[in-house]
Amino acid sequence: MSELLSIDGITVSYGSITALRDVSMHVNEGEIVSLIGANGAGKSTLLKAIVGQVPLSSGSVKYKGDAICVSKGETHSHSLRTDQIARSGIALVPEGRRVFADLTVEENLDMGAFMVRDDALIARKKQEMYDFFPILGARRRQKTRSLSGGEQQMMAIARALMSSPHLLLLDEPGLGLAPLIIQDIFHKIRLINREDKVTVFLVEQNARMALKASDNGYVMENGRIVLSDSGAALLTNPQVRAAYLGE
Ligand code: ATP
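Just so you know, these numbers come straight off a predicted model, no measurement behind them.

*Asks:* Tell me about the sheet that holds strand 9 (residues 216-221), and please be specific about residues and values.
*Replies:* One key point about sheets: their strands pair by backbone hydrogen bonds, in either a parallel or an antiparallel sense. One open sheet accounts for six strands, arranged 6-7-8-3-9-10; its pairing is mixed. The open sheet has two edge strands, strand 6 (90-93) and strand 10 (224-230), and neither has a second partner. Each neighbouring strand pair of the sheet contributes to a mean axis angle of 15°, computed without reference to strand direction. Of the pairings in the sheet, the one linking strand 3 (residues 32-37) to strand 9 comprises five bridges and is parallel in character. Among the inter-strand pairings, Val 33 is bridged to a residue of strand 9, identified as Asn 216. Against the sheet, helix 6 (residues 149-161) makes contact with strand 6 and strand 7 (167-171), and its axis sits at roughly 165° relative to strand 6, the strand it touches most.

Shown next as structure tokens:
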């Protein structure tokens, strides 16, 4: 299996706070990989580092074998801008969904297609999204603020898919949602992975749901990766069970 995303020894600081310390991990093509960890462990920072939203003080991020984010000290290559990273096929669904509340569902999806120049393709992608998330089709002309939390999360995922990404990054897709809605969202994530062949890397505090859906998983504590294994093995790992599965 080929490595689609490789993170090699990255460190990220916000002033005197070091949020990530020498983090290395990889995501193989076609997989669902999850990163679990408590509040403040550094999960969102890792996603921001992948899409170039925070600078690295060491290490590098490679996508399809090419460096996309490097620390300043690296002289032989340079980081891509966030929009260049998006164009290379990586889409991020940020934490808290960040939907445009005053725009309709349809307008939000149009925003997701900002890189696409072909109107017929945009119309086709939107129809695909309405077929895949029927509730969005039914509400396409409604302002997004009138949608439930679960519907807004689906819309945020659909908006990211409008650019036909190869790698989908999800920041806490289950955050603040009821268990049944979370199940529904994870079911959709699995379908996107299996049927649309989109590789998925997600970060979650809901460890059980995330690991069940994942081929591989990583556990982060205080900005470091402390464990990595298959999703199934992590689900039965005593340390994980005690710290993250409430057992
Ligand atoms: P959460 O689940 O709350 O999003 P997380 O695991 O995603 O947590 P991060 O948001 O990556 O964690 O935060 C990691 C550390 O970096 C925390 O100590 C946090 O307080 C700090 N941090 C995050 N963003 C900033 C920022 N913009 N400025 C200063 N410190 C920050």
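Having seen the model, we can carry on.
*Asks:* Describe the site of the ligand, naming the residues involved and giving the relevant values.
*Replies:* Looking at the ligand, there are 14 residues lining it, with Asn 39, Gly 40, Gly 42, Ser 44 and Thr 45 nearest. Contact distances for the ligand include 3.0 Å between an oxygen atom and a backbone N or O atom of Ala 41. Starting from 630 Å² of accessible surface for the ligand in isolation, the protein chains cover 64%. Among the secondary structure elements, those contributing two or more residues to the shell around the ligand are strand 2 (17-28) and helix 1 (43-50). With three residues, helix 1 is the largest single contributor of residues to the shell around the ligand. Taken together, the residues of the shell around the ligand sort by class into five nonpolar, six polar and three charged.

*Asks:* Tell me what's going on with the pattern of salt bridges, and back it up with residues and numbers.
*Replies:* The full count for this structure, using the stated rule, is eight salt bridges. Here Arg 141 ties to Glu 106 by a salt bridge, and the two come within 3.1 Å at their closest N and O atoms. Of the two residues, Arg 141 sits in the loop between helix 5 (134-138) and helix 6 while Glu 106 sits in helix 3 (residues 105-112), which places them 35 residues apart along the sequence. Judged by relative accessible area, which is 65%, Arg 141 ranks as exposed. What you see here is one network of salt bridges that share partners, running through Glu 106, Asp 110, Lys 126 and Arg 141.

Thresholds applied
Residues numbered from 1 in each chain as written. Predicted model: local features only at pLDDT ≥ 70, side-chain atom pairs only at ≥ 80, totals over all residues. Heavy atoms only, no water. Pairing = 2+ DSSP bridges. Helix = DSSP H or I, 4+ residues; strand = E, 2+ residues; numbered from the N terminus. Axes fitted to C-alpha atoms, helices over the stretch in contact; angles between N-to-C directions. Contact = heavy atoms within 4.5 Å. Near = heavy atom within 4 Å. Polar contact = N/O pair within 3.5 Å; in protein donor to acceptor, adjacent residues only side chain to side chain. Areas by Shrake-Rupley, 256 points an atom, 1.4 Å probe, with all protein chains shown as cover. Nonpolar A, V, L, I, M, F, W, Y, C, P; charged D, E, K, R; others polar. Salt bridge = Lys/Arg side-chain N within 4 Å of Asp/Glu carboxyl O. Buried < 20%, exposed > 50% of the residue type's maximum accessible area, 1.4 Å probe, protein only.

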